[in-house]
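So the chains spell out like this:
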Amino acid sequence: MPKSQKIFTILENSLIVLHGLVLILVIGQDNIQLPAFLEVVGRMHPLLLHFPIVMLFLAALLFWFPDSLGVNSKVAMKWLLLSALFFTGVTVLAGLFLSVEDGYVKEDFENHQWTGLLVFWLGTLWYWFWVKDKLSIAKGFSVVVLGLVLATGHFGASLTHGEDFLFEPLQSEIDVPQVSFEEALAYDHVIKPILQQKCISCHKAGKVKGELRMDEVEYILKGGEMGPAVDLEDLENSQILVHILIPLEEEFHMPPKGKPQLTDTELALIQSWILDSAHFDKKLTAYNPESEFFALAKEKFTSQDSKSYSFEAASAKTIAGLNNDYRKVVATYPDSPGLRVTFFGKNQFDPNTIDDLKKVKEQVVELSFQNMPLKDEDIKKLSDYPNLEILNLNFTGIEGSTLGELKNLKNLKHLSLSGNPLSEVAFESLKDFKQLENLYAWTNKNADAIAALKTNLPNTKIEGGFQDNGTLYQLNAPQIEFKKSIFTDKIDVTLKHPIGSVKIFYTLDNTLPDSSNHQVYSGPISLDKNTTLRARAFAEGWLGSTEKQAVFFRSKIQPDSYKLAFEPNKSYKGSGALTLFDLEKGDEDFGTGKWLGFQDTPFEIQMDFKSPQNIQNVAFSTLAAEGSHIFPPSKVEVWIKTQNADWKLVDTQKPEQPTGNRDRLLQMYESKINQNGILAIKAKLTPVNPLPKWHPGAGGKGWVFVDEILIN
Amino acid sequence: MEKEQFEHGLNENRRKFLSKVSLGLGSIALGSLLIPDLFKGKSGEDALMEALPHFAPKAKRVIYLFQNGAPSQLETFDYKPLLNQQIGQELPDSIRAGQRLTGMTAGQSSFPLVGSFFKFNQYGESRAWISEAFPHTAKVVDDICIIKSMHTEAINHDPALTFFQTGAQVGNRPSMGAWLSYGLGSENSNLPSFCVLLSRGKGNGQGVYSKLWTNGFLDSVHQGVQFSASEDPVLYLKDPKGMNREDRRRMLDKLAELNNMNYETFGDPEIQAKVQQYEMAFRMQTAVPEVTDIKSEPDSIIKLYGPDCLIPGTYAANCLLARKLSENGVRFVQLYHQGWDAHDNLPNQMVGQAKDVDQASAALITDLKQRGLLDETLVIWGGEFGRTNYCQGKIQVDNYGRDHHPRAFSIWMAGGGVKSGMVYGETDEFGYNIVENPVHVHDFQATILHLMGIDHERLTYKHLGRRYRLTDVHGKVVKDILV
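Residue positions within a chain follow its written sequence, with the count starting from 1. Each chain is given a letter, starting from A, and each ligand a number, starting from 1, according to the order in which they appear as written. In keeping with the predicted nature of the model, local features appear solely for residues at pLDDT of at least 70, side-chain atom pairs appear and are counted solely at 80 or more, and the whole-chain, interface and lining totals rest on all residues.

- Chain B is annotated in an unreviewed UniProt entry as DUF1501 domain-containing protein of Aquiflexum gelatinilyticum.

Following this line, the structure appears as structure tokens:
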């Protein structure tokens, strides 16, 4: 193995060279000027250091248990230890280069430096004694070297990650203010925790980057190489502010790129605190409540959403076992040991299942029995839940005779008892519930008892809820139900109202029903002629309703054939002329297909009868909706034809035209005829043209809409 | 889903292999009985979802009273006396600043300002301005937080609605209720976690479509369930005549057996979803009649909501039903009330619409409060955008119209961790642009999720190769309005 021998020689020689270089650097440390490329080598220190650590440990392993590898351990050992020492030397050298850069203060860094150097020196001695076969001495060195490796690593980590990095998770968190909002100081409890988390690890005794320390107020005011961190004379020029506001890409941005950044809220807090005169020992409550800093700081105090509980969480298995389709048991928030229990489905509810919850009686903090049928007896069971905070007993039907059993639940904050027929005993026992923040006791009957309770529980917000204080509200109109508003012989009409106890008044003579003229509805109304039915509802404790109207038409005679002179507009053609005789009344919505619309041509129809008819009148049911350009026809004309006679004009009407916008309106134009022996009727309804000046569409063409023709 | 199928394929091979080397089918069956999840890995999504909620929620449930068609902010909550003084005068170009117009007013040669026909007064300790058309809302003003600085990106109903509900103007993304159902699940496993109720006023209406309560790419169990006003609030829930509950139970058990066989073969998670849905429907058969029964409501509640609440399908009835669903643990109840699209005849239409919704909306707040539920229930009232400060069509003091306006509009929120008695944000004196604290739709959505204990940036779902969230890549929680 001459080849490996040769390498050993090279390594041993390099080791000597490295020792020399290290010595020179250690002695002349303070006076050295390094060329830039060596700074780069220096910065490789954090990379290089991992090699010797691992190799030294492996070498020790082989050294103590030479048979473990089963190879020629002597050669392997030599390989390992020599190259380990070589890398140690290189790492130490790089470390010394790095130490020349500023930012590290001697006292803290020295621990790391000297332990590192000792690793190198004593490690070399270990090798030397081993080579000389002085095994017991070598063993001693090996132990010391390993110990030193650990120490060096720890000191190094403290330098880069901060002093308490290793044990930080074991310490109580520093960023949560442990004081109440009233007690809190602006700096100590709001600003300092942020600095501690994001700034102080690089600006403190031992690692004064930029010559700035931020661990004490005096250093913050004194500042670093760029000026005071907080400048009380010139707040906007405070270096903290300058550095945190500069964009992340800039060299001077703080915290440096790659380190945890300030959150938006933290940044806003620091900014508003500094600009608000940077008070170091002012109480939060002394700030102007309108100020931005106050608002942000207050939020920080109030937005801590996770309350801490002192009890342990129940096991996931227990919780899962308690859940079913009708009972939900869930944590109140992520990782909370507290549980919220809700029951659902009153038909499935069994009060005995409450006892299942005993397994988690410590953990239950919210409990809802809303709408579940409970007995007053069952309430007693709830006194076993010491940590209960919210209890919902709305509409459970309890009278509250056993509520007193719960008064020792000292954590109970919200109690809901709405909708229960609470007895006087209940209100009496509620007087002892001083711990309550909110009490919901809406019952609509116990206004006095609630008022009395308010004096006994001055610190509780008592919600009495909506009281029916006798304000009269208007009833809604009754509903009129029927099959079709156009009938041939007779029709039955039913009136309804959702509130059973109301009386429905109605008239059939087109007058508004009131106390003087009405009939009281008692059963279906039978109609056999054209009728306007008007109805209103009345009831004790309510104002009379608005009216509901329905108009009924009798259409006794149907023509045997009919023909439109002009087709209706294609957007409103319904089922053609058939629409006019289908006994289907259209409503105010003219797009439903029950209406025929005409704009460019008049509505003109001829209706023929096979046998001569005695006709009293003919009526045209139309719509007026001026907002949609639908007007009453400008002219209504009706002609008749009898046996052996020509067409004869029997009626001409010029309907009154509106002078402004109105609500949509169903209108009927009736022509009296009163003649025997009629074989045909012709009618023409002419649309308005042009539209009047007041109308937005003035000058354009109006529409005529017809849905039904009634002949009697 | 592909991943699960893939994994299932691997398991299947392993099982086949094991059985071939005759380790015995019985022992494997026993093993999988003891550890049902033995072969089931946890996907990244599952792990992510397990962390939900991300932090302690302020609100447990949401009731969203959507005013469909866009109520005018200028006749409700945004008091602008200048518009009354300058009625008929032209909207300055410097204010409009190039804002695009809808097709309905693009042809209009002039944009005359028009003030509110309704008088405004200040109410409550918050001294918030509310129009006389909303007397009941005025009574609960100290329980609500009015946001006057909402703004959106869309200018027409459908995209604006879709944007509000799903976070994107095009369809097929999951609705907010579906996201919450996906994120938080149901409180009550006997009712859907997302319910939808529709009503319609007399004003000019705009459509609502089921895509607004879609589950999008999420599992179909998260779809909104529409409750109808008919005799059967949930369609097809009743057993057919002649079938009793025991028969149904046996039928479901057999069906589940068959479905599970298929699941063993194909491993499609939708099969499991289907089985779960059958089971839920079975429980809903008793839960729904229990919840929708309004006969048990005391008279004072009828007075509180107004007598319309007894007529199924009205807004008042839906508000009452919303409360009942919500108190029974339905995570998200979505109401839509149509009829706010007053392009003309606005004062008249506003009277009717306000009458429909004012009393019942305020009643919902009062009712939740008296039960101690307002603290944990978030109630939202608002439309998809606002209306212009200038008149559409012919202008009269008592008869005018307003077009769509996305740049500024008002909504209110109440309960569930929102500050009460607050007015947030401000518009300029023309009521056209926001001058203070703008709240974008995505901010609004982020805030709702935040109140429910969800970080909107972390509630995601991977679909078509990217992760989606309700707020897309936007949204900032409006911290100022949080308690």
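Quick word on the overall build of chain B
Then, in step 1: Tallying secondary structure elements over chain B gives 14 helices and 17 strands in all.
Then, in step 2: With C-beta atoms placed from the backbone, a residue counts as buried when 20 or more other C-beta atoms lie within 10 Å of its own, as exposed when 12 or fewer do, and as partly exposed for counts between those limits. The buried share among the 483 residues of chain B stands at 48%. The way it works is that DSSP assigns letters per residue, a run of H or I at least four long becomes a helix, a run of E at least two long becomes a strand, and they are numbered from the N terminus.

Considering the nonpolar core
Then, in step 1: Nonpolar cores are identified as sets of buried Ala, Val, Leu, Ile, Met, Phe, Trp, Tyr and Cys residues joined via C-beta atoms within 7 Å. One finds C145, Y305, V379 and M413 of chain B to be the most contacted residues of the largest nonpolar core, which totals 119 residues.
Then, in step 2: In this description, any two residues whose backbone-derived C-beta atoms lie within 7 Å of each other are considered to be in contact. Every residue in contact with V379 of chain B, bar those within four places of it in the chain, is listed here: I63, L65, L364, I365, M413, A414 and G415 of chain B.
Then, in step 3: Of all hydrophobic cores here, the second largest spans 52 residues; its members include I486, A537, F538 and F553 of chain A.

Observations concerning the sheet that holds strand β7 (residues 414-416) of chain A
Residue and element names in this part refer to chain A.
Then, in step 1: Pairing between strands is defined by DSSP: at least two bridges between them are needed. Pairing within the open sheet is mixed, and its 7 strands lie in the order β3-β4-β5-β6-β7-β8-β9. In the strand order of this sheet, the two ends are held by β3 (327-331) and β9 (461-463), each with one partner. Strand-to-strand twist of the sheet, defined as the mean angle between neighbouring strand axes without regard to direction, takes the value 10 degrees. A fitted line through C-alpha atoms represents every axis, and for helices the fit uses only the stretch in contact; the resulting angles, taken between N-to-C directions, go from 0 to 180 degrees.

Quick look at the sheet that holds strand β13 (residues 491-496) of chain A
Residue and element names in this part refer to chain A.
Then, in step 1: The sheet built from 3 strands is open, its strands ordered β11-β13-β16 with antiparallel pairing. Looking along the sheet, the strands with just one partner apiece sit at the ends: β11 (479-481) and β16 (525-527). On average, adjacent strands in this sheet sit at an angle of 30 degrees to one another, irrespective of strand direction.
Then, in step 2: Strand direction decides the pairing type here: β13 and β16, joined by 3 bridges, are antiparallel. What sits directly across from D492, in β16, is S526.

Focus on the packing of helix α2 (residues 36-43) of chain A against helix α5 (residues 73-99) of chain A
Residue and element names in this part refer to chain A.
Then, in step 1: Close contact between α2 and α5 brings their axes to 7 Å; oriented N to C, the two are set at 120 degrees. Put simply, α2 runs oblique to α5. Relative to α5, α2 is oriented so that their crossing is left-handed. Only A94, F97 and L98 of α5 make contact with α2, whose side of the interface consists of L38, E39, V41, G42 and R43.
Then, in step 2: Split into classes, the residues belonging to the contact of α2 with α5 amount to 5 nonpolar, 1 polar and 2 charged. We call two directions roughly parallel when the angle between them is under 35 degrees, roughly antiparallel when it is over 145, roughly perpendicular when it lies between 65 and 115, and oblique otherwise. Take the far helix as the reference: if the near one is turned anticlockwise from it by less than a right angle, the crossing is left-handed, and if turned clockwise, right-handed. Residues are grouped as follows: Ala, Val, Leu, Ile, Met, Phe, Trp, Tyr, Cys and Pro are nonpolar; Asp, Glu, Lys and Arg are charged; all remaining types, including Gly, are polar.

Let's talk about the interface of chain B and chain A
Interface size is commonly expressed as the accessible surface area that is lost when the partners come together.
Then, in step 1: Taken together, the contact pairs 35 residues of chain B with 33 residues of chain A.
Then, in step 2: Contributions of two or more residues to the side of chain B that touches chain A are made by α10 (269-292), α11 (299-305), α13 (346-370) and β9 (386-396) of chain B.
Then, in step 3: Examining the composition of the side of chain B that touches chain A, we find that 4 residues originate from one element, α10 of chain B, more than from any other.
Then, in step 4: Across the side of chain B that touches chain A, the residue classes tally to 10 nonpolar, 15 polar and 10 charged.

What to know about helix α9 (residues 245-266) of chain B
Residues and elements named next belong to chain B.
Then, in step 1: Here a helix's expected span is defined as the number of its residues, less one, multiplied by 1.5 Å. In a regular helix each residue adds 1.5 Å, so 22 residues correspond to 32 Å; α9 covers 31 Å between its end C-alpha atoms and thus fits that length.
Then, in step 2: Counting buried residues along α9, only 0 of its 22 residues qualify, which leaves the element largely exposed.
Then, in step 3: Downstream of α9 by one or two residues, G267 has phi in the positive range, about 70 degrees.

Examining the pairing of strand β19 (residues 548-554) of chain A
Then, in step 1: Note: strand β12 (residues 486-487) of chain A against β19 of chain A, 2 bridges, orientation parallel. From the neighbouring strand, I486 of chain A faces β19 of chain A, where its bridge partner is F553 of chain A.

Some details on the environment of Y219 of chain A
Residue and element names in this part refer to chain A.
Then, in step 1: Within the secondary structure, Y219 is located in helix α9 (residues 217-222).
Then, in step 2: Look at Y219 and you get partly exposed, because 19 C-beta atoms sit within 10 Å.
Then, in step 3: Residues Y219 and A229 lie 10 residues apart in sequence; the distance between their C-alpha atoms is 8.3 Å.
Then, in step 4: Look past the residues within four positions of Y219 in its chain and what remains in contact with it is R213 and M214.

Here we look at the confidence of the model for chain B
Residue and element names in this part refer to chain B.
Then, in step 1: Overall, the prediction assigns chain B a mean pLDDT of 88, with 89% of residues at 70 or greater.
Then, in step 2: Across chain B, strand β8 (residues 377-382) holds the top mean pLDDT of 98, while helix α2 (residues 25-34) sits lowest at 42.
Then, in step 3: Scored below 50 in pLDDT, residues 16-44 shows 12 contacts in the model against residues more than four places distant or in partner chains.
Then, in step 4: This prediction of the complex comes with two scores: 0.67 for pTM and 0.83 for ipTM. Each residue carries a pLDDT value, the predictor's own confidence for that position, ranging from 0 to 100.

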